[in-house]
Amino acid sequence: MDPGAAVNPDTGEANPYLPEVAANPIPFYERLRDHLPVAMFEGFGRGTWIISRYEDVRWALKHPEIFSSDFVAVDIGQDRPLIPLQIDPPEHAKYRRVIDPTIGPHEVAPLEDELRSVVNEILDGFVGRGTVDAHAEFTVPLPCIVFLSMCGLPLEHLQQLLEFKDNIIRPNTGDPEEDARVRRATGAALYAYFEDAIEQRRGGTGTDLLTRFLTSEVDGRTMSKEEMLDICYLFILGGLDTVTSTLDCSLAHLAQDPVQRALIADDPSIVPAAVEEMLRFHTPVMQILRAVAQPVELHGHQFEVGDTVMLMLGSADTDPSEFGEDASEFDATREVNRHLAFGGGPHRCLGSHLARLELRVALEEWHRRIPDYTVAEGAHLEYSPGIREIVSLPLVFDPVVAEAVE
Amino acid sequence: MMRIVFDEQACVGHGRCYALAPQVFDADDLGHCVVLLTEPPAELEAAARLAVASCPEDALTIEG
Ligand code: HEM
Ligand code: SF4
């Protein structure tokens, strides 16, 4: 199916939740922006409005008093609102003041060497083989290992944490009620897991993320156990699949684009710009949700209080009105790149500094060691809607000798 | 000479400015922008202009 057909200007409807849209969203985005700047998506059991133009999305992000995050739109097994994702200003800023410094730019920079070793150890596992499912073996474990290490949790918990995350995000039992039950049960287990980890650190002097949460103050008081758990929950749900999907999209893209791949392999100094362009062009978190808190009009459409609105970040990021006539082309050397892949306004991704470091080091090391690779013949790349992970990403390359990491 | 104007209220810490022109901008502990050189010297002007143009929140502007 032509992904553009998922937009129907006659009925005013659009459906971003189709695998063929997730695999090739640009024609879909283009039709949305051109024909239905306010569209209706009849999904999730209720109607959701879609906003898709760059300036409209940016405006909505900057106006949390109109487009609120204070709601639990998607049941992801949580007991309470996720902190700080589902908290509105001014309350929101109190939490950001506490959490931001724990993963700010100066805080994550010293992690680079360790991160490089982690990436190389993972690469060592398959470089000699000449074939890999890059999703299962590279892009999934990497952010999870980084997270465990930042929290001072043992590496042996990798499988456990991945299971938590997968059972919450995609329980895939085939039955919505059973899905909800699995989510709840896993959510409870995830809370218990972190509660345990936090209790073990009480009174400790470590520098890991959890110990820092224990001693950080909001409004002149330390955080409650619940508050810390609500943050941890969000880190698991927001900090793993997002990095995985960006790396999936990046490797799949470069495997099929030898010209841009050679640019990166020949000159690692362009990797930071290439990372920004990957984020823009692929916008792995396709969309985010808001609830209307004040009546407002846009393009002749009247939004009412309580309406759910989807901000289509991916279509904003490929809008020619911001990115020029070549907006739907990938250019690793693009100069000005004001993409919204990390959102914008007060909820701008809290993990963006860590994410950028992970993405840069992963792509630098991958291309240093595997400069040339292609998608395995006959492989069909299936993208998940919403967060664009590639279910399986078989790549082939000339085997190289594993190098011991000092 | 160019002069950089920073709107603290608008900055949310995307970090594009200090990534693109680290000699002109730095980050505070929240990852928000700190302007190191309000009037950057000629050799840093190009980088400063690119950084200003890259702020998704329009928190940075140039006078002159
Ligand atoms: C390439 C990787 C990533 C992408 C594309 C991404 C994308 C996003 C987006 C679009 C938002 C805005 C949500 C909204 O406004 O509703 C967001 C928020 C957030 N992200 Fe990320 N993210 C990434 C990595 C991470 C990592 C590694 C972490 C944690 C360590 C993280 C933690 C968070 C948190 C806590 C928020 C909520 C911030 C708030 O509401 O104030 N993210 N992310
Ligand atoms: S790019 Fe803009 S929003 Fe980001 S840190 Fe710099 S001034 Fe702030």
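A. Just the side chain of Ser384(A), in detail. Residue and element names in this part refer to chain A. Among the secondary structure elements, Ser 384 is positioned in the loop between strand S13 (374-375) and strand S14 (394-396). For Ser 384, a relative accessible area of 13% puts it in the buried group. With sequence-adjacent residues up to four places away left out, Ser 384 is seen in contact with Ala 22, Glu 389 and Val 391.

B. The packing of helix H13 (residues 241-255) of chain A against helix H15 (residues 271-282) of chain A, seen in detail. Residues and elements named next belong to chain A. Interaxial distance between H13 and H15 falls to 10 Å at its minimum, and their mutual angle equals 100°. Here H13 is positioned roughly perpendicular relative to H15, judged by the angle of their axes. Here H13 contributes Thr 246, Cys 249, Ser 250, His 253 and Leu 254 to the contact with H15, which in turn contributes Met 278, Leu 279, Phe 281 and His 282. Of the residues that constitute the contact of H13 with H15, the class distribution is 5 nonpolar, 4 polar and no charged.

C. Highlighting the interface of chain A and chain B. Opposite the 23 residues of chain A that make contact, chain B presents 19 residues. Contact between chain A and chain B buries roughly 1,600 Å² in total, counting both sides, with carbon and sulfur atoms accounting for 50%. One salt bridge in this structure joins Lys62(A) and Glu57(B), with 3.8 Å as the shortest N-O distance. The interface formed by chain A and chain B holds 11 residue pairs in polar contact (both at pLDDT 80 or more) in total.

D. Molecular detail of the environment of Ser352(A). Residues and elements named next belong to chain A. You can see Ser 352 is positioned in helix H18 (residues 352-369). Overall, the relative accessible area of 0% leaves Ser 352 in the buried class. Measuring from C-alpha to C-alpha, the distance between Ser 352 and Phe 126 comes to 28 Å, with 226 residues separating the pair along the chain. In this structure the side chain of Ser 352 is engaged in a polar contact, spanning 3.2 Å, whose partner is the backbone oxygen of Cys 349.

E. Layout of the confidence of the model for chain B. Residues at a pLDDT of 70 or more form 100% of chain B, whose mean pLDDT is 96. Confidence metrics for the complex model read pTM 0.96 and ipTM 0.95.

F. Molecular detail of empty space enclosed by the protein. Residue and element names in this part refer to chain B. Tallied over the entire structure, the rule returns 2 cavities of 30 Å³ or more. Counted as a void, the largest cavity has a volume near 100 Å³. Considering each element in turn, the lining of the largest cavity owes the most residues, 3 residues, to helix H1 (residues 16-20). Split by residue class, the lining of the largest cavity holds 10 nonpolar, 5 polar and 2 charged. Of the voids in this model, the second largest cavity is the one considered here, and its volume is about 80 Å³.

G. How the structure looks around the site of ligand 1. All names here are of chain A. Close to ligand 1 lie 28 residues, the nearest being His 92, Arg 96, Arg 290, His 347 and Cys 349. Between ligand 1 and the protein, one listed contact pairs an oxygen atom with a backbone N or O atom of Leu 85 at 3.4 Å. Backbone polar atom of Gly 238 to a nitrogen atom of ligand 1: 3.2 Å apart, as the coordinates give it. Listing elements by their share of the shell around ligand 1, those giving two or more residues are helix H4 (91-99), helix H12 (225-239), H13, strand S9 (287-292) and H18. Broken down by element, the shell around ligand 1 gets its largest block of residues, 4 residues, from H12.

H. Geometry of the packing of aromatic side chains. Residue and element names in this part refer to chain A. Taken as a whole and assessed by the stated rule, the structure comprises 17 aromatic pairs over all chains. Arranged with centres 5.5 Å apart and planes meeting at 75°, the rings of Trp 366 and Tyr 373 form a pair that is edge-to-face. The pair Trp 366 / Tyr 373 is uniform in exposure class, with both members buried. Among the aromatic residues, ring-to-ring pairing joins Phe 147, Phe 164, Tyr 193, Phe 194, Phe 213 and Phe 235 into one connected group. The positively charged end of Arg 80 is found above the aromatic ring belonging to Tyr 191, 5.3 Å away from the centroid. The residue whose ring lies beneath Arg 280 is Phe 323, and the NZ or CZ to ring-centre distance is 5.1 Å.

About the thresholds
Residues numbered from 1 in each chain as written. Chains lettered and ligands numbered in written order. Predicted model: local features only at pLDDT ≥ 70, side-chain atom pairs only at ≥ 80, totals over all residues. Heavy atoms only, no water. Helix = DSSP H or I, 4+ residues; strand = E, 2+ residues; numbered from the N terminus. Buried < 20%, exposed > 50% of the residue type's maximum accessible area, 1.4 Å probe, protein only. Contact = heavy atoms within 4.5 Å. Axes fitted to C-alpha atoms, helices over the stretch in contact; angles between N-to-C directions. Parallel < 35°, antiparallel > 145°, perpendicular 65-115°, else oblique. Nonpolar A, V, L, I, M, F, W, Y, C, P; charged D, E, K, R; others polar. Buried area = accessible area lost by both parts, 1.4 Å probe. Salt bridge = Lys/Arg side-chain N within 4 Å of Asp/Glu carboxyl O. Polar contact = N/O pair within 3.5 Å; in protein donor to acceptor, adjacent residues only side chain to side chain. pLDDT = per-residue confidence, 0-100. 1 Å grid on protein atoms, 1.4 Å probe; cavity = no way out; pocket = protein on both sides within 12 Å on 5 of 7 lines; lining within 4 Å. Points joined across faces, edges and corners; volume = space filled by probe spheres on them. Near = heavy atom within 4 Å. Phe/Tyr/Trp six-rings, centres within 6.5 Å; stacked < 30°, edge-to-face > 60°. Lys NZ or Arg CZ within 6 Å of the ring centre and 35° of its normal.

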